[in-house]
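Residue strings, one per chain:
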Amino acid sequence: FTIGDLAPQIADRLRPCIEEGHDLALHSYTHPFLEQLPAGNAAWEIVRDRETLEEMFGTIVRGMAYPMGTYDDDVVQTLRQCGVVYSRTTKSTHDFVLPTDWLCWHPTCHHKHPRLMELAEKFVTNPFEKAPGLFYLWGHSYEFDLRDNWDVIETFCEKMGGREDIWYATNMEIYEYLTAARQIVASIDGRRLYNPTATVLYLETAEGNMLLHPGETKQI
């Protein structure tokens, strides 16, 4: 099935999730191996899917997850030309490092990974003193029914949920915030910071935590 075939069935189910703040992302129109297609066909898969979702939900869709998790440099370039700003792969890192290439965004692990709870424990007990960390769990909800293991995600959420020291964010929220944070302009001694973006940025300094508002220059 294509996204177009399924549109009437999925629109009503997805709309409440999107209204509650869930991220809506592309996955291609017919779920092919994009790197095996001619460039024009790969671009059609992305543009057609984006157009369909944007018309269906009245929003702007700029994120993606690679179908089958496969891609190559040409696919990445095609995504960039089609206005896609991030795309999640299926390559597990088993760590919490922030992405440096948003179009090759590698997750921490899949929800069926045998080290899932070990990694969760490491994440919540890691102070992240020098840089923030990101736990990116990926998978498919239908897999819990297939394997009859909803307890896996329930246990994970009990471990990770409801904590004041964790920011629970969508892919796009993470992309937009870190993109803004990386645009901070600093003086040569690093003591004066300017925020040229429209995003409120949170700073952790030797003097304590502070906010850097849009257009603000602050001495630290």
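Please read these numbers as outputs of a predicted model, since none were measured by experiment.

### Overview of the overall build of the chain
Item 1. Looking only at helices and strands, the chain features seven helices and ten strands.
Item 2. Reported as C-alpha extents along the three principal axes, the dimensions of the chain are approximately 55 × 40 × 35 Å.
Item 3. Sequence separation of 24 or more characterises 50% of the internal contacts of the chain that already satisfy a separation of 6 or more.
Item 4. For the chain, the exposed area adds up to about 13100 Å²; of that, 53% sits on carbon and sulfur atoms.
Item 5. Side-chain charges of the chain comprise 19 positive and 33 negative groups, with the mean position of each set lying 5 Å from the other.

### Some points on the pairing of strand 8 (residues 201-205)
Item 1. Residues Leu201, Leu203 and Thr205 point to one face of strand 8 and are all buried, whereas Tyr202 and Glu204, pointing to the other face, are not buried.
Item 2. The hairpin formed by strand 8 and strand 9 (residues 208-212) contains two residues between the paired strands.

### Focus: the environment of Tyr168
Item 1. Tracing the backbone through its elements, the reader meets Tyr168 in the loop between helix 6 (150-160) and helix 7 (171-181).
Item 2. Residues in contact with Tyr168, not counting those within four places in the same chain, are Met160, Gly161, Gly162, Arg163 and Glu173.
Item 3. Of note is the side chain of Tyr168, whose polar atom sits 2.5 Å from the backbone oxygen of Met160.
Item 4. Looking at Tyr168, its side chain comes within polar contact range of the main-chain nitrogen of Arg163, at 3.0 Å.

### Quick notes on the side chain of Thr170
Item 1. With respect to the helices, strands and loops of the structure, Thr170 is situated in the loop between helix 6 and helix 7.
Item 2. Ignoring any residue separated from it by four or fewer positions in sequence, one finds Thr170 in contact with Gly21, His22 and Asp23.

Calculation notes
Residues numbered from 1 in each chain as written. Predicted model: local features only at pLDDT ≥ 70, side-chain atom pairs only at ≥ 80, totals over all residues. Heavy atoms only, no water. Helix = DSSP H or I, 4+ residues; strand = E, 2+ residues; numbered from the N terminus. Contact = heavy atoms within 4.5 Å. Areas by Shrake-Rupley, 256 points an atom, 1.4 Å probe, with all protein chains shown as cover. Lys, Arg positive; Asp, Glu negative; His and termini not counted. Charge placed at Lys NZ, Arg CZ, Asp CG, Glu CD. Buried < 20%, exposed > 50% of the residue type's maximum accessible area, 1.4 Å probe, protein only. Pairing = 2+ DSSP bridges. Polar contact = N/O pair within 3.5 Å; in protein donor to acceptor, adjacent residues only side chain to side chain.

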